[in-house]
Amino acid sequence: QVLMLQGHYEKAFTHFEAAIRLDPDFAQAQTNFGFMLLRQGKPDEAAQHFKKALKLNPGLSRARQGLKEAVETKGGWGPRK
């Protein structure tokens, strides 16, 4: 997370990806990876990681916030009338 905060996005992405590969049930890594994907303009992929994090840890407020941002970025849950 420090790498991401310092703007080293490529290195942070690699580390989060490796952490998830080693432990897919690491909710914080799922959340951080979701934020990286969101920054890359991939709200659908990000949402999947936020949902996984919330399944693992329903009380994880950062994952809930990330999911909200992903949905808002995409324009809502479904088609607009």
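Scroll up to find the structure.
What counts, and where the lines are drawn
- Residues numbered from 1 in each chain as written.
- Predicted model: local features only at pLDDT ≥ 70, side-chain atom pairs only at ≥ 80, totals over all residues.
- Heavy atoms only, no water.
- Helix = DSSP H or I, 4+ residues; strand = E, 2+ residues; numbered from the N terminus.
- Buried < 20%, exposed > 50% of the residue type's maximum accessible area, 1.4 Å probe, protein only.
- Contact = heavy atoms within 4.5 Å.
- Areas by Shrake-Rupley, 256 points an atom, 1.4 Å probe, with all protein chains shown as cover.
- Phe/Tyr/Trp six-rings, centres within 6.5 Å; stacked < 30°, edge-to-face > 60°.
- Axes fitted to C-alpha atoms, helices over the stretch in contact; angles between N-to-C directions.
- Parallel < 35°, antiparallel > 145°, perpendicular 65-115°, else oblique.
- Left-handed = near helix turned anticlockwise from the far one by under 90°.
- Nonpolar A, V, L, I, M, F, W, Y, C, P; charged D, E, K, R; others polar.

Asker: Any details on the overall build of the protein chain? Residues and values, ideally.
Answerer: When you go through the protein chain residue by residue, the secondary structure sums to 5 helices and 0 strands. N-terminal to C-terminal, the α/β element order of the protein chain is α-α-α-α-α. Relative to its 81 residues, the protein chain shows a buried fraction of 36%. Taking as baseline every contact in the protein chain between residues at least 6 positions apart, the subset at least 24 positions apart corresponds to 45%. As presented, the protein chain carries roughly 5,400 Å² of accessible surface, and 54% of it is formed by carbon and sulfur atoms.

Asker: Describe the packing of aromatic side chains, naming the residues involved and giving the relevant values.
Answerer: Applying the stated criterion across every chain yields a total of 1 aromatic pair. Centroid distance Phe35 to Phe50: 5.0 Å. Interplanar angle 70 degrees. Geometry classified as edge-to-face. Here Phe35 is found in helix H3 (residues 27-39), whereas its partner Phe50 is found in helix H4 (residues 43-56), with 15 residues between them in sequence.

Asker: Explain the environment of Thr14 to me, and be specific about the residues and the numbers.
Answerer: Turning to its location among the elements, Thr14 is positioned in helix H2 (residues 9-22). Sequence separation between Thr14 and Phe33 is 19 residues, and the spatial gap between their C-alpha atoms is 9.4 Å.

Asker: Give a detailed account of the packing of H4 against helix H5 (residues 61-74), specifying residues and quantitative values.
Answerer: Their axes nearest at 9 Å, the elements H4 and H5 cross at an angle of 155 degrees. Considering the angle they form, H4 stands roughly antiparallel to H5. Seen from above, H4 lies across H5 with left-handed handedness. Every residue of H5 that contacts H4 at Pro43, Asp44, Ala47, Phe50, Lys51, Ala53 and Leu54 is listed here: Ala63, Arg64, Gly66, Leu67, Ala70, Thr73 and Lys74. Residue classes in the contact of H4 with H5 are distributed as 8 nonpolar, 2 polar and 4 charged.

Asker: Residue-level account of the packing of H3 against H5, with values.
Answerer: Across the interface, H3 lies against H5 with an axial gap of 10 Å and an inter-helix angle of 25 degrees. Relative to H5, the element H3 lies roughly parallel. Here H3 runs over H5; the crossing is left-handed. Only Arg62, Ala63, Gly66, Glu69, Ala70 and Thr73 of H5 make contact with H3, whose side of the interface consists of Gln28, Thr31, Asn32, Phe35 and Leu38. Per-class residue counts for the contact of H3 with H5 are 4 nonpolar, 5 polar and 2 charged.

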